[in-house]
2 protein chains.
Amino acid sequence: MKNNAMFESVYKEIFPFWENLNAEDRNFICQNSLALTYPKGTHIHDGNECSGVIFVKSGCLRVYILSDTGKEVTLYRLYSGDMCMLSASCVLQSITFDVFIDAEENSECYVISGPAFANISERNKDIKIFALETAVSRFSDVMWVMQQILFMSMDKRLAVFLSDEISRTGSDTITLTHEQIARYMGSAREVVSRTLKYFASEGIVEVSRKGIKILDKKRLRELTL
Amino acid sequence: MKNNAMFESVYKEIFPFWENLNAEDRNFICQNSLALTYPKGTHIHDGNECSGVIFVKSGCLRVYILSDTGKEVTLYRLYSGDMCMLSASCVLQSITFDVFIDAEENSECYVISGPAFANISERNKDIKIFALETAVSRFSDVMWVMQQILFMSMDKRLAVFLSDEISRTGSDTITLTHEQIARYMGSAREVVSRTLKYFASEGIVEVSRKGIKILDKKRLRELTL
């Protein structure tokens, strides 16, 4: 019951339907919840499993797709307060694609069992609507990524990536390898290296063994527009 | 009231919630419906408008995204019996991206006004769930397209496109230009032409001024696997 109180205090904040559930249903969800800590780098969810509904309490999870040949494309990241439905394919029958999820930082999560959530969302329309709306809002994120990849020039895409990265980490230096950046962006290492070389020649960045240092944030920002 | 009967006879088949609506709500939906005929080539929906919920009675609509520079990528096609929610952005607040819709054949559609559908879906949870589920199922289609574009080799993608096209039209000859194929696939004309030249050298297709004739369906199919 101690755990139940811990889950309840969070669920009443994040679930718009929580107050309308009866005590039995609230208890059912808490009983089927786990508090899990994932060290940085953990593979949390692997394609077609039904890992459950994941709520991120702290840290950062990366959601991506993976090709047969190992190529990855990041769809979006989940931060503190975010919720993932795509990891619970057994809840939403209409989701027929597979995503992969890694912990990008040490992350604390609450995970509600997929079958339990599916069960209760069949009985309660508000929960069903919440689950579907959460999925649909990610649809918009994914379309944004798709438009970036398909339509934006590499200059602009890399500038957007670097800008996001420095505002995310709060540091002017990005310690990712060119290979890692390429993987995050769904591009090739050569293309990333070539574009970085051009940015360096323009005095926008400095590339060294320590990483990529942003020298001119103003011009980097202009490139993202 | 004659029109109402026409709409009702279709809506009771396609809407799982129809029988549970009261007469007033059923009437409200019918009163806010239009039967429209779009000649082939019509631009039906343009980005951020709220054109309404479109039901395809006959014909074929193409749903695509468009870049600032005019580059298109086809997301999916809608055929007889299909329904489009992405054209009713005022119904689903969580859809924040713009799609474009053209009639690819002469098409008869029933269009329910976006604000009317939004109004009734706020009052009726089953309608809301139907709208969200329709949108989420398209999410899966779009992910498939994205994986194709990002992960598949051009050989395979073009083979899939040509196979789909001949089964769609029922003809062995594809009369699209290389430019059009490139646009549909989100690729460049040069890349399509180069790949077709390779297919021709392998005896899979014959490229002439009349179009692209498929000579060896078996090998084309093998390329799609």
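Okay, so let's go over this structure. The model shown is predicted, which means the values in this text are computed figures rather than measured ones.

Let us now look at the nonpolar core. Core analysis: the biggest nonpolar cluster contains 112 residues, and Tyr11, Leu61 and Leu75 of chain A together with Tyr11, Leu61 and Leu75 of chain B have the highest contact counts within it. Not counting residues up to four positions away in its chain, the partners in contact with Leu75 of chain B are Met143 and Met146 of chain A together with Val63, Tyr64, Ile65, Val99, Asp141, Val142 and Val145 of chain B.

Moving on to the relation of the copies chain B and chain A. With an axial shift of 0.0 Å and an RMSD of 0.1 Å, the rotation relating chain B to chain A amounts to 180°. As the rotation angle and translation indicate, the two copies are arranged about a two-fold axis. Both copies present the same face, since 100% of the interface residues in chain B are matched by interface residues at the equivalent positions in chain A.

In this section: helix α7 (residues 189-201) of chain A. In this model, α7 of chain A (13 residues) spans 18 Å end to end at C-alpha, consistent with the 18 Å of a helix rising 1.5 Å per residue. Buried-residue contacts for α7 of chain A involve α5 (154-169), α6 (178-185), β10 (205-208), β11 (211-214) and α8 (217-224) of chain A.

What follows is about the packing of α5 of chain A against α7 of chain A. Residues and elements named next belong to chain A. It is at 10 Å that the axes of α5 and α7 come closest, and there the two elements cross at 85°. The angle between α5 and α7 falls in the class roughly perpendicular. Each of Met154, Asp155, Leu158, Ala159 and Leu162 in α5 lies in contact with α7, whose residues at this interface are Val191, Val192, Thr195, Leu196, Tyr198 and Phe199.

Accessible area lost during the coming together of the parts is what is often quoted as the interface size. Of the residues lining the interface, 32 residues belong to chain B; the matching set on chain A comes to 32 residues. With both sides pooled, the region where chain B packs onto chain A buries about 3,100 Å², and carbon together with sulfur makes up 78% of that total. For the chain B face of the interface with chain A, the top three residues by lost area are Phe139, Met146 and Phe151 of chain B, together amounting to 21%. Our count for the contact surface shared by chain B and chain A stands at 4 salt bridges. With a closest N to O distance of 3.1 Å, Lys125 of chain B and Asp126 of chain A form a salt bridge. Connecting chain B to chain A are 4 residue pairs in polar contact (both at pLDDT 80 or more). Looking at the side of chain B that touches chain A, the elements with two or more residues in it are β4 (60-66), β5 (72-79) and α4 (125-151) of chain B. Looking at which element gives the most residues to the side of chain B that touches chain A, the answer is α4 of chain B, with 20 residues. Considered class by class, the residues forming the side of chain B that touches chain A number 19 nonpolar, 6 polar and 7 charged.

In this structure the tally under the stated criterion is 29 aromatic pairs over all chains. When the centroid spacing of 6.2 Å and the interplanar angle of 40° are considered together, the rings of Phe161 of chain A and Tyr184 of chain A count as tilted. Linking Phe161 of chain A in helix α5 with Tyr184 of chain A in helix α6, this pair joins segments that are 23 residues apart in sequence. The buried category is assigned to Phe161 of chain A, whose relative accessible area is 10%. Given the relative accessible area of 17%, Tyr184 of chain A is considered buried. Taking 5.8 Å as the distance between ring centres and 10° as the angle between the ring planes, the aromatic pair formed by Phe7 of chain B and Tyr11 of chain B counts as stacked. Taken together, the residues Phe7 of chain B and Tyr11 of chain B, both in helix α1 (residues 2-14) and 4 residues apart, mark about one turn of the helix. Through successive ring pairs, a cluster of aromatic residues spans Phe7, Tyr11, Phe15, Phe17, Trp18, Phe55, Tyr110 and Phe130 of chain A. Taking the ring centre of Tyr76 of chain A as reference, the NZ or CZ of Arg138 of chain A above it sits at 4.6 Å. Lying over the aromatic face of Tyr184 of chain B, Arg77 of chain B brings its terminal NZ or CZ to 5.3 Å of the ring centre.

What counts as what
Residues numbered from 1 in each chain as written. Chains lettered and ligands numbered in written order. Predicted model: local features only at pLDDT ≥ 70, side-chain atom pairs only at ≥ 80, totals over all residues. Heavy atoms only, no water. Core = buried A, V, L, I, M, F, W, Y, C linked by side-chain atoms within 4.5 Å. Buried < 20%, exposed > 50% of the residue type's maximum accessible area, 1.4 Å probe, protein only. Contact = heavy atoms within 4.5 Å. Least-squares fit on C-alpha atoms with pLDDT ≥ 70 in both. Helix = DSSP H or I, 4+ residues; strand = E, 2+ residues; numbered from the N terminus. Expected span 1.5 Å × (residues − 1). Axes fitted to C-alpha atoms, helices over the stretch in contact; angles between N-to-C directions. Parallel < 35°, antiparallel > 145°, perpendicular 65-115°, else oblique. Buried area = accessible area lost by both parts, 1.4 Å probe. Salt bridge = Lys/Arg side-chain N within 4 Å of Asp/Glu carboxyl O. Polar contact = N/O pair within 3.5 Å; in protein donor to acceptor, adjacent residues only side chain to side chain. Nonpolar A, V, L, I, M, F, W, Y, C, P; charged D, E, K, R; others polar. Phe/Tyr/Trp six-rings, centres within 6.5 Å; stacked < 30°, edge-to-face > 60°. Lys NZ or Arg CZ within 6 Å of the ring centre and 35° of its normal.

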